[in-house]
Structures are given as structure tokens and as C-alpha cells.
Amino acid sequence: MIVTFPHMGTLHVVLSALFKGLGCEVLVPPPVSKKTLELGAAWSPETVCLPFKITLGSFIEALENGADTLVTCGGVGPCRLGYYAEIQRGILQALGYRFEMIVIEPDWVDVLKKFRYLSRGQNMYKIYQAFRLAGAKMIALDSIERQATYVRAREKQAGTVDRIWHEAVDKIAAINDPRIVMQVAAEVCRQFDALELNSSCDPLRIGLVGEIFVMLEPYVNLELVRFLGRLGVEVNKTMYLSDYVRGHLMHLPHYRKLNRQLEKLARPYLGHYVGGHGIKSVGQTVNLANMAYDGIVHVFPFSCMPEVIAKNILPYISQREGIPVLSLAFDEQSGLAGIHTRLEAFVDLLRYRRARQPSSSPAW
């Protein structure tokens, strides 16, 4: 059994640790690239959303490199994610690949059942240790990235934060002890604290909302967070991998409470579940407006049904709540220059707006 899985930000670091801990041989697909997208798009239905094409391309690359077991997620509700696995299975079989596909549904009982199967007889203590290591890496990487977004907008020497971040990912990927993972995370945070910052800098604060795959995968969003940071913008990603796991799989009390709060904030604009993260995009936009953020960037795959619903509501929220919103749809035709030009214009507008009326929030 040679296990593989799609990329999504630092997900490959977490899942590699988990599957190796379960006793599996792991084959990480090549990083998402133009080739990945071209492979996926060539064999995908024309109007399917970008995450489908990217994950299909990653599966093809992994199968070509020797993988024989594909691990992917299922889903429920209006979002088409719940259909990905079966459609991709059919496409890959029609292309002549032979493999086993393990679909993990967003339910903690199903998660344990499927990973118990993958462990092939490992005792429960070994399974626990595998989850503990993977969880430590997930939490560490997310905490480091949160601090990175704060420091990047203020660093004097551009590029230092990016170097520390990439080194940290490589270090944490190689560690097999959760205690050392947390030590490395603390060390990286001290490195950030020691950096020389621009004391006169007062960065814009932009909230990033939208669909999780586009939000977390840098290749897909064209390094949006890093680009904004280089422009002197502090970016608050409203969902990290650890948020998704704790909220959607583990249903921890803090996240249940947060979801209820977001649904309440969204209710005047969107009163029912539309699938995916649509209602969260609406609720988080209101929430960030209440927190006096300078603006919102809403990202989503072209043709994503839940986020298209949110996109059509966000201009009204922008006017009512007094916060500028920029919506960006991504597909295989998205160009770096076009996206970056729109972001630069949006940042210029926010700076002008702040300078013109620094103590008030006029209608947008």
C-alpha cells in the first residue's frame, strides 16, 4: 500500500506524519504546479470548480509515480465536494489506473474507522501517537503562519519572514516527536520576535474569507497572502487547517459557539445554509467589519455555488457595514499580473480611504 493525497497548503506535512505513523508507505504528490493543473483540467468536466481539477491532477501525478491508494474527503450538503470522489474515481479508472480510493467523510467516527483500516492492525496506542504527532505539526504550522502574517507586514528586510517560514516547514516535516515539534515552533516564534520591524509602520488590516482550498493553497491563490504582506498589509485568514479539523471534524465547543455567532451575524443577509463555507464568508465579513478591519478579500473557485451566493450578497454587506470588499474568482485562466493589479488597486483605495477619514467608517 502506497498512500497519497491531494495538496492544500501544509496539509501534506500533517498527513505524511499521520500515515507514516499508521505504518503506511507515503508518496507525497509533486507540489501543485502548472502541470498539475493542466493534467486535471484536461480530464475534468468543463464547468467543474478549480479544486476538483487540481486534486485530480495531483492524483494523476501520484499514480504515475507509483501510488496505489488515494485518500480523499467526502462531503454533505449543496456543495459539489461530496461528488468529487466518485467522479474522480470514474475518470481515473477510465484512464486505466488501478488503485484503491478511501473516502473520509466529515464525521469523527468515520475518520477513526478509515484510519483504523489504513493502519492494518496497528494497536490503538500507535494510532493515538500518529494522530498526536500529526496534530502537533498542524497546530505548530498554523501558529507560525499566523505570526508570519503579522510580522511580514512590518519587517524591515523584505523576504526574511518567507525564508524563516519555509525553513520552519522543512524542519517540522522532518520531526517525529511532538514535543520537539512544539520546541521548534517556539524557536521560530522567537526568531520572528527578534526581527527588526519598521516602528513607523501602521499596516492595513485585511480579512481573507471564502472557500478553504483557495484560501489555503498558495499556488491556487497566486501567493495572495505573501503578496499583500509585501505591500505592507496584515492579512487575517479566517480559516486555517486546524480550524477546519477542530470545527468540522471534532466539533469542539469553541467552534460550535463560533459557528453559531457567525450564523447570527449572517442572518440579516443570508438566513440558511447554502453549502461549503458560504454562510461563514458572510458572517465573517460582518464580524471583521465590527472589528474595524480596513477591507475584505473574498476568494473562491470560479463556479463554486456556495461562494457565488456569498459574492452576490457581499456588496450589500459592504454598503451596510461600511467595509470595502474585493471578490476574486480563481480558475485555470487566472493570471498573476491581473490578480496582483487588482490587489494593488484595492490596497491603494484602502489607504486613501483611511487617510481621508481615519476616525470614521463611511458607507462604501
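Residues numbered from 1 in each chain as written. Predicted model: local features only at pLDDT ≥ 70, side-chain atom pairs only at ≥ 80, totals over all residues. Heavy atoms only, no water.

Participant: Give a description of the state of the cysteines that names residues and reports values.
Facilitator: In this structure the tally under the stated criterion is 0 disulfides. In this structure C79 is a free cysteine whose sulfur lies 5.7 Å from that of C304, the closest cysteine sulfur available. The thiol of C201 is unpaired, and the distance to the nearest cysteine sulfur, on C189, comes to 20 Å. (Disulfide = S-S within 2.5 Å.)

Participant: Can you break down the packing of helix α5 (residues 108-119) against helix α6 (residues 124-152) residue by residue, with the values?
Facilitator: Close contact between α5 and α6 brings their axes to 11 Å; oriented N to C, the two are set at 115°. Comparing their axes, α6 and α5 come out roughly perpendicular. In the packing of α5 onto α6, the handedness of the crossing is right-handed. Between α5 and α6, the residues in contact are W108, V111, L112, F115, R116 and S119 and M124, I127 and F131, respectively. (Axes fitted to C-alpha atoms, helices over the stretch in contact; angles between N-to-C directions. Helix = DSSP H or I, 4+ residues; strand = E, 2+ residues; numbered from the N terminus. Parallel < 35°, antiparallel > 145°, perpendicular 65-115°, else oblique. Left-handed = near helix turned anticlockwise from the far one by under 90°. Contact = heavy atoms within 4.5 Å.)

Participant: Describe α6, listing the residues and the values that go with them.
Facilitator: An ideal rise of 1.5 Å per residue puts 42 Å on 29 residues; α6 measures up with 42 Å between its terminal C-alpha atoms. Among the residues of α6, the N-terminal cap falls to N123, whose side-chain oxygen and the backbone nitrogen of Y125 are separated by 3.1 Å. (Expected span 1.5 Å × (residues − 1). Polar contact = N/O pair within 3.5 Å; in protein donor to acceptor, adjacent residues only side chain to side chain.)

Participant: Give me the lowdown on α5, citing residues and values where you can.
Facilitator: Its 12 residues give α5 an end-to-end C-alpha distance of 16 Å, which sits within 8% of 16 Å, the value for a rise of 1.5 Å per residue. Among the residues of α5, D110, V111, F115, L118 and S119 are the ones counted as buried. Against β1 (2-4), α1 (11-21), β3 (69-73), β4 (100-104), α6 and α11 (241-249) lie the buried residues of α5. Just downstream of α5 lies R120, where phi reads positive at about 50°. (Buried < 20%, exposed > 50% of the residue type's maximum accessible area, 1.4 Å probe, protein only.)

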